[in-house]
Amino acid sequence: MSRASLIGRMRRAIGRRFAADENGVAAIEFSVVVPILIVVVLGAATYFVMGREDYRSKRATYVAADIIARQNSVSDSYLALVKTLAERIATSNARTIGFRVTSATKIGPLFVVNWSYATAPYAKRTLIDSALVSTPLAGIGESILMVETSTPYRPLFGLAGLAQATHENVSFARPRNVSQVLKVE
């Protein structure tokens with residue numbers, strides 16, 4: 001028997017033993033599967049929290065619009081209280097939201113702004129551009145309230161390219177008890 005054939009047989013024997021040996025297979029599978037599962041769970045948690053924050057932000061906007069629409073008149077201090085309420089609804093911590101309320105009356109095809117209240121990052125509205133804001137159907141001379149909120153959102157984990165963003169919401173309401181909600185100083 002030649003030396004080459006002896007080495008060849010030894011290699012095949014070692015190869016068969018190595019292929020048949022299953023020690024450590026579970027550890028290798030574990031080390032491959034667990035990181036993937038961790039990424040999937042963290043990604044699902046991030047998207048769940050993002051959806052919940054978006055829902056809370058929308059709900060805060062709708063509630064603020066409804067509360068203001070039920071008043072005959074409002075002041076800056078009252079609107080600041082409504083903003084505080086919206087912040088408590090929209091965020092689970094003490095983050096500040098952007099808040100703007102605009103009262104407008106439809107005159108012909110356009111809405112003319114009666115008054116506006118705004119906090120950063122918004123400025124008071126001087127006009128409502130129907131091309132930029134999809135305004136509701138309203139008859140000539142009817143008044144509407146437009147409430148806009150801007151809620152900052154920072155994802156739990158920066159997975160899937162998510163970065164800090166802002167939930168922007170707009171809600172329209174018609175005054176409930178009067179033809180127009182007045183703003184008093």
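Calculation criteria
Throughout, residues of each chain are indexed from 1 in the direction in which the sequence is written. Whole-chain, interface and lining totals are the exception, using all residues; otherwise, since this is a predicted model, local features are given only for residues with pLDDT of at least 70 and side-chain atom pairs are given and counted only at 80 or more. To get the side-chain values, all heavy atoms of the structure are used, and hydrogens and water are removed first. Take the buried Ala, Val, Leu, Ile, Met, Phe, Trp, Tyr and Cys residues and link them wherever side-chain atoms come within 4.5 Å; each set so joined is a nonpolar core. Relative accessible area decides the class of each residue, using a 1.4 Å probe on protein chains only: under 20% of the type maximum gives buried, over 50% gives exposed, and in between gives partly exposed. A run of H or I in DSSP counts as a helix once it spans at least four residues, and a run of E counts as a strand once it spans at least two, with each numbered from the N terminus. Residue contacts follow a heavy-atom distance rule, with two residues in contact if any of their heavy atoms lie within 4.5 Å. Centre distance within 6.5 Å is the pairing criterion for rings of Phe, Tyr and Trp, where only the six-membered ring of Trp is used; planes under 30 degrees apart are then read as stacked, over 60 as edge-to-face, and the remainder as tilted. In protein, a polar contact means a hydrogen-donor-capable atom and an acceptor-capable atom, both N or O and within 3.5 Å, with residues adjacent in sequence counting only if both atoms are side-chain atoms; elsewhere, any N or O pair within 3.5 Å suffices. Here, any two strands with at least 2 DSSP bridges between them count as paired.

Draft legend 1. Region of the structure containing the nonpolar core. Ranked by size, the top nonpolar core spans 20 residues in total, and within it I68, L79, F99, V101, W115, L145 and V147 carry the most contacts. For this core, the secondary-structure elements that each account for two or more residues are α2 (25-69), α3 (76-90), β2 (98-107), β3 (110-118) and β4 (143-153). Those residues in contact with V147 that lie beyond four places of it in its chain are T61, A64, A65, I68, F99, R100, V101, N169, V170 and S171.

Draft legend 2. Structural context of the packing of aromatic side chains. Within this structure, the stated rule accounts for one aromatic pair. Arranged with centres 6.4 Å apart and planes meeting at 70°, the rings of F99 and Y117 form a pair that is edge-to-face. Highlighted residues: F99 in strand β2 and Y117 in strand β3, separated in sequence by 18 residues. Residue F99 is classed as buried on the basis of its relative accessible area of 0%.

Draft legend 3. Quick peek at the side chain of E148. One can find E148 in strand β4. Polar side-chain contacts of E148 include one of 2.7 Å to the side chain of R100. Side chain to side chain, E148 and R125 meet in a polar contact 3.0 Å long. Setting aside its immediate chain neighbours within four residues, E148 contacts G98, F99, R100, T102, Y122, R125, N169 and V170.

Draft legend 4. Spotlight on the pairing of β4. Most of β4 is tucked away, with ten of its eleven residues classed as buried. Summarising the sheet, β2 and β4 pair through eight bridges and their orientation is antiparallel. Within the sheet, the bridge partner assigned to R100 lies in β4 and is E148.

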